[in-house]
Amino acid sequence: MYIVMITPECAPVAKVGGLADVVQGLSRELAIRGNEVELILPKYDCLRYDLIWGLTPSYSDLWVPYYDQWVHCDVYFGFVHGLKCFFIDAHFHKNFFHRGVFYGHADDPERFAFFSKAALEFMLKANKHPDIIHCHDWQTGLAPLMLFETYNQFGMTHSRVCYTLHNLQHQGITGEFILRQVGLNPARYMTPERLQDPFYPNAINLMKSGIVFSNFVTTVSPRYMGEIRDSGLGCGLQEILNAYGAKLGGVLNGVDYNFWNPEVDRYIPQHFSIETLDGKYTNKQALRHRLLLAENFKPIVAVISRLDHQKGVHLIRHALYFALANGCQFVLLGASPDPHINHEFWALKYQLNDNPDCHLEIGFDEELAHLIYAGADLMVVPSAFEPCGLTQMIAMKYGTVPVVRATGGLADTVFDANFSQRPYDERNGYTFNDFNAQGLESALGRAVGMWYAYPDHFRELMANGMRYDFSWKNPGQYYLNIYDYIRDK
Ligand code: ADP
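Given the structure is predicted, the values throughout are model-derived calculations rather than measurements.

### Some details on empty space enclosed by the protein
Evaluated as defined, the whole model comprises one cavity of 30 Å³ or more. Each pocket or cavity is described by its volume, and for the largest cavity that value is around 70 Å³. The wall of the largest cavity is formed by Asp-21, Gln-24, Gly-254, Val-255, Asp-256, Phe-259, Trp-260, Leu-390, Ile-394 and Trp-472. In terms of residue class, the lining of the largest cavity is made up of six nonpolar, two polar and two charged.

In structure tokens, the structure reads:
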């Protein structure tokens, strides 16, 4: 099949969170299986240009109709880890993609509506007629609408759209003027069945556009699909989701084991596998060395996360104090777009600066993340909700036992050592239900207790996690089945 991904992120060149990993991992899996896969991204000024191979201008005469003018764009082509990527650069006074950051500007909906339009315009002009266009999150929610309402009149009738919801917390709620800017008539779309936002009747909802106009809608774990439809996590979209129940599916994300794998990882000093598990302790030492932690006989409890309320920041802080008070070392790698949260964690960092058992690294550091996965004993993920979550799956591959709140994808992947219904050799971590300090302590306390009192059992738990296959093999096949189901035959 010929598949084009229209996406705002792709690891490692444009990564804010899991969306980037998913796009990269899924595209790679689809390509390995013999499909023709191309990606279209904005040409942000903050791309990791050092990781793009052979970036060259490939289409320089792209004029995108935008409101009452034509915007001149250049399209560049380059390889990202072997994936064929097109980057759209707009020469426009609003400097859509030259902001030094990926998101965080008041006109984000406008930036990405333009990007969606430019991507379709590029496909039209370059004569691309993929079987499947796969769009991701609110940023590309207008693409299916424009494809089926506008671009099909120009001959783009072959493509079908799969749309993936990565997180319902961000939906792209904005004014109807956006529609006018991309050449659509707002009156036609401002209805409850179409783009009208469920909470703000004068606003449009870009994610809703993706749900209504795509041929198939997926989210990133089966459990999260249930939660957004029935358990109050739909953020207002539950009604429209249920109205389109027949075209919904939950596919658990995979992890790219070419990149996240202790047997081949190029960022860690010692490779290891289930058979050579002791190699993990060389990495533990290296981690201590790098972060100036003391050489004590203690487990390392780690957190790698965006510092966002979704991720349970107050519980992350609580985990820190609980870990230090219960004979553990604690390592955090995290950053927040919210200055208040960042400030709070900087303050915490200064306060604990002299503690030899604790290190907080505020910022984004992919390389250090690998070393932490490899060197830590426990990985805490106390999310309020979690569409899928990659950290727990990556941690398991590195023999780091996850301690998670049982929600969304976390509940689909982590099975409690003491209370799960699964056989012993399938239990792989610790879970808790209540989103509060007691809940967290109930799980982290058991994990630390097991580490100290029953090291052999703890090692079994590590090995159980490592045996799980969270690669893209299964999800890749599921997505191909979906593509095959919807494509124009
Ligand atoms: P989300 O997409 O909600 O942020 P996920 O668990 O799906 O959460 O994906 C998080 C990804 O981002 C993982 O690959 C994790 O290792 C990585 N990550 C998160 N914060 C950082 C950070 N500060 N530095 C490096 N990598 C990070």
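### Some words on the sheet that holds strand β12 (residues 300-306)
Backbone hydrogen bonds are what pair the strands of a sheet, in a parallel or an antiparallel way. One open sheet accounts for six strands, arranged β14-β13-β12-β15-β16-β17; its pairing is parallel. Edge positions in the sheet fall to β14 (358-362) and β17 (430-432), since each has one partner strand and no second. The mean inter-strand angle of the sheet, taken between neighbouring strand axes irrespective of direction, is 15°. The sheet contact formed by β12 and strand β13 (residues 329-335) spans seven bridges and is parallel. Note that in β13 the partner of Ile-300 across the bridge is Gln-329.

### Details of the pairing of strand β6 (residues 132-136)
Among the five residues that make up β6, five are buried, leaving the element largely enclosed by the rest of the structure. Burial along β6 is two-sided: Ile-132, His-134 and His-136 and Ile-133 and Cys-135, pointing in opposite directions, are all buried. Strand direction decides the pairing type here: strand β1 (residues 2-6) and β6, joined by four bridges, are parallel. Counterpart to Ile-6 in the pairing with β6 is Cys-135. Across five bridges, β6 lies against strand β7 (residues 160-165) in parallel orientation.

### Some remarks on helix α1 (residues 18-32)
Taking 1.5 Å per residue, 15 residues should reach 21 Å; α1 reaches 21 Å between its end C-alpha atoms and fits that length. Burial analysis of α1 places eleven of its 15 residues in the buried class, the great majority of the element. Listed as buried for α1 are Leu-19, Ala-20, Asp-21, Val-22, Val-23, Gln-24, Gly-25, Leu-26, Ser-27, Glu-29 and Leu-30. Against the buried residues of α1 lie β1, β2 (36-42), β5 (83-91), β6 and α17 (473-486).

### Quick notes on the site of the ligand
In the vicinity of the ligand lie 20 residues, with Gly-18, Arg-306, Gly-363, Tyr-373 and Leu-390 positioned nearest. Between Arg-306 and the ligand, the recorded distance is 2.7 Å, taken from a side-chain N or O atom to an oxygen atom. For the ligand, whose unbound accessible area comes to 570 Å², protein coverage reaches 93%. In terms of residue class, the shell around the ligand is built from seven nonpolar, seven polar and six charged.

### Overview of the nonpolar core
If you look at the biggest cluster of nonpolar residues, it comprises 94 residues, and the most contacted ones within it are Phe-114, Leu-142 and Tyr-483. Per element, the largest residue contribution to this core is nine residues, and it comes from helix α2 (residues 108-125). If we skip the residues at most four places from it in the chain, Leu-142 touches Ala-113, Ile-178, Leu-179, Val-182, Leu-195, Leu-206 and Ser-209. In terms of nonpolar packing, the next biggest core, distinct from the first, is built from 76 residues, Leu-277, Val-381, Ala-395 and Met-462 among them.

Conventions used here
Residues numbered from 1 in each chain as written. Predicted model: local features only at pLDDT ≥ 70, side-chain atom pairs only at ≥ 80, totals over all residues. Heavy atoms only, no water. 1 Å grid on protein atoms, 1.4 Å probe; cavity = no way out; pocket = protein on both sides within 12 Å on 5 of 7 lines; lining within 4 Å. Points joined across faces, edges and corners; volume = space filled by probe spheres on them. Nonpolar A, V, L, I, M, F, W, Y, C, P; charged D, E, K, R; others polar. Pairing = 2+ DSSP bridges. Helix = DSSP H or I, 4+ residues; strand = E, 2+ residues; numbered from the N terminus. Axes fitted to C-alpha atoms, helices over the stretch in contact; angles between N-to-C directions. Buried < 20%, exposed > 50% of the residue type's maximum accessible area, 1.4 Å probe, protein only. Expected span 1.5 Å × (residues − 1). Contact = heavy atoms within 4.5 Å. Near = heavy atom within 4 Å. Polar contact = N/O pair within 3.5 Å; in protein donor to acceptor, adjacent residues only side chain to side chain. Areas by Shrake-Rupley, 256 points an atom, 1.4 Å probe, with all protein chains shown as cover. Core = buried A, V, L, I, M, F, W, Y, C linked by side-chain atoms within 4.5 Å.

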